Amino acid sequence: MYTFINANGFSYLGSDFAACNNCHVMNEVYDDYNKSSHKSVAQCGDCHLPHSFVRKWIGKAQSGIGHMIAFSFDKNLPSHFEANKNTKKWVQENCINCHQDYISNVVNPTLKADHNNASLSCVSCHKDVGHKRDF
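Thresholds applied
Residues numbered from 1 in each chain as written. Predicted model: local features only at pLDDT ≥ 70, side-chain atom pairs only at ≥ 80, totals over all residues. Heavy atoms only, no water. Helix = DSSP H or I, 4+ residues; strand = E, 2+ residues; numbered from the N terminus. Buried < 20%, exposed > 50% of the residue type's maximum accessible area, 1.4 Å probe, protein only. Contact = heavy atoms within 4.5 Å. Areas by Shrake-Rupley, 256 points an atom, 1.4 Å probe, with all protein chains shown as cover. Salt bridge = Lys/Arg side-chain N within 4 Å of Asp/Glu carboxyl O. Polar contact = N/O pair within 3.5 Å; in protein donor to acceptor, adjacent residues only side chain to side chain. Patch = residues over 30% accessible without salt bridge, like charges linked within 9 Å, V, L, I, M, F, W, Y side chains within 5 Å. Expected span 1.5 Å × (residues − 1). Arc of directions from axis to C-beta. Axes fitted to C-alpha atoms, helices over the stretch in contact; angles between N-to-C directions. Left-handed = near helix turned anticlockwise from the far one by under 90°. Nonpolar A, V, L, I, M, F, W, Y, C, P; charged D, E, K, R; others polar. Core = buried A, V, L, I, M, F, W, Y, C linked by side-chain atoms within 4.5 Å. Disulfide = S-S within 2.5 Å.

Asks: Help me understand the overall build of the protein in this model?
Replies: Each helix and strand counted, the protein has 7 helices and 0 strands in total. Ordered by position from N to C terminus, the α and β elements of the protein give α-α-α-α-α-α-α. For the protein, buried positions account for 25% of its 135 residues. Within the protein, contacts between residues at least 6 apart in sequence are counted, and of these 61% link residues at least 24 apart. For the protein, the exposed area adds up to about 9600 Å²; of that, 57% sits on carbon and sulfur atoms.

Asks: I tried to follow the pattern of salt bridges on my own but got confused; where do I start?
Replies: Note on pairing: side chains with opposite charge can pair once their charged atoms come close. Here the structure, examined in full by the defined rule, presents 1 salt bridge. The salt bridge involving R55 is made with E93; its shortest N-O contact spans 3.2 Å. Here E93 lies in helix α5 (residues 85-98) and R55 lies in helix α4 (residues 53-73), a separation of 38 residues in the sequence.

Asks: How do you make sense of the side chain of E93 when you look at a structure like this?
Replies: In this structure E93 comes out as buried when scored by relative accessible area, which is 18%. In terms of polar contacts, E93 uses its side chain to reach the side chain of R55, at 3.2 Å.

Asks: Just to check I follow, could you spell out a nonpolar patch on the surface for this structure?
Replies: On the surface, a cluster of nonpolar side chains totalling about 1000 Å² of accessible area is made up of M1, F4, I5, F10, L13, F53, V54, W57 and I58. Examining the composition of the nonpolar patch, we find that 4 residues originate from one element, α4, more than from any other.

Asks: Quick question: what am I supposed to make of α4 here?
Replies: What sets the pattern is the α-helix's 3.6 residues per turn: residues three or four places apart point alike. Helix length check: α4 (21 residues) gives 30 Å between terminal C-alpha atoms against 30 Å at 1.5 Å per residue, within 8%. Among all positions of α4, only G59, K60 and A70 are buried. End-on, the buried residues of α4 take up no more than an arc of 105°, which puts them together on one face. Opposite the buried face of α4, at more than 90 degrees from it, the exposed residues are F53, V54 and F73. At its buried positions, α4 is contacted by α5.

Asks: It is not clear to me how the packing of α4 against α5 should be interpreted in this structure. Could you clarify?
Replies: Relative placement of two packed helices is described by the angle separating their axes and the distance separating the axes. Contact pair α4 / α5: the axes reach a minimum separation of 12 Å and the direction vectors enclose 145°. Crossing angle aside, the handedness with which α4 passes α5 is left-handed. For the pair α4 and α5, the contacting residues are R55, G59 and Q62 in the first and N86, K89, W90 and E93 in the second. Per-class residue counts for the contact of α4 with α5 are 1 nonpolar, 3 polar and 3 charged.

Asks: Is there a simple way to explain the nonpolar core in this structure?
Replies: In terms of nonpolar packing, the biggest core is built from 6 residues, these being V91, C95, I96, I103, C122 and V123. Going through the elements one at a time, α5 and α7 (122-125) are the ones with two or more residues in this core. Ranked by residues supplied to this core, first place goes to α5 with 3 residues.

Asks: Explain the state of the cysteines here, please?
Replies: What makes a disulfide is a covalent bond joining the sulfur atoms belonging to two cysteines. Under the criterion given, the structure shown has 0 disulfides. Residue C95 stays outside any disulfide, its sulfur separated by 4.4 Å from that of C122, the closest cysteine. C98 takes part in no disulfide bond, and the closest cysteine sulfur to it belongs to C47, at a distance of 6.7 Å.

Asks: Hey, could you run me through the environment of N27 in this one?
Replies: Summarising the element assignment, N27 is placed in helix α2 (residues 27-35). Overall, N27 belongs to the partly exposed group, its relative accessible area being 36%. Here the alpha-carbon distance between N27 and H80, two residues 53 residues apart in the chain, equals 9.1 Å.

So this is what it looks like as structure tokens:
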């Protein structure tokens, strides 16, 4: 409970992207995002979380608990977070969903997020669109 209150845990229940900068390890990412082309059209959760209601809240809970454990108990705290397998999948899904009108005629079917091979992802070429440091 102390960690939740100390880390402004209630702020994560909303969709304000400023909550993603509650921890100092996100300062660079937050600064990059504020300069990005996506700032005017997307917030953190629009790219990093599933869009369906249930999957979104499960994803928020998983990420939040993982971050809380890392900050509370990990002596070797990373200088920044890296996207895990789920986040990479969600980012790919969201790129395709948001840009479907532009990419429908040019996207290789192997780019679909549920494809099982080692296909390219949108961010393998457009890696700095939302912010730098992976995603």
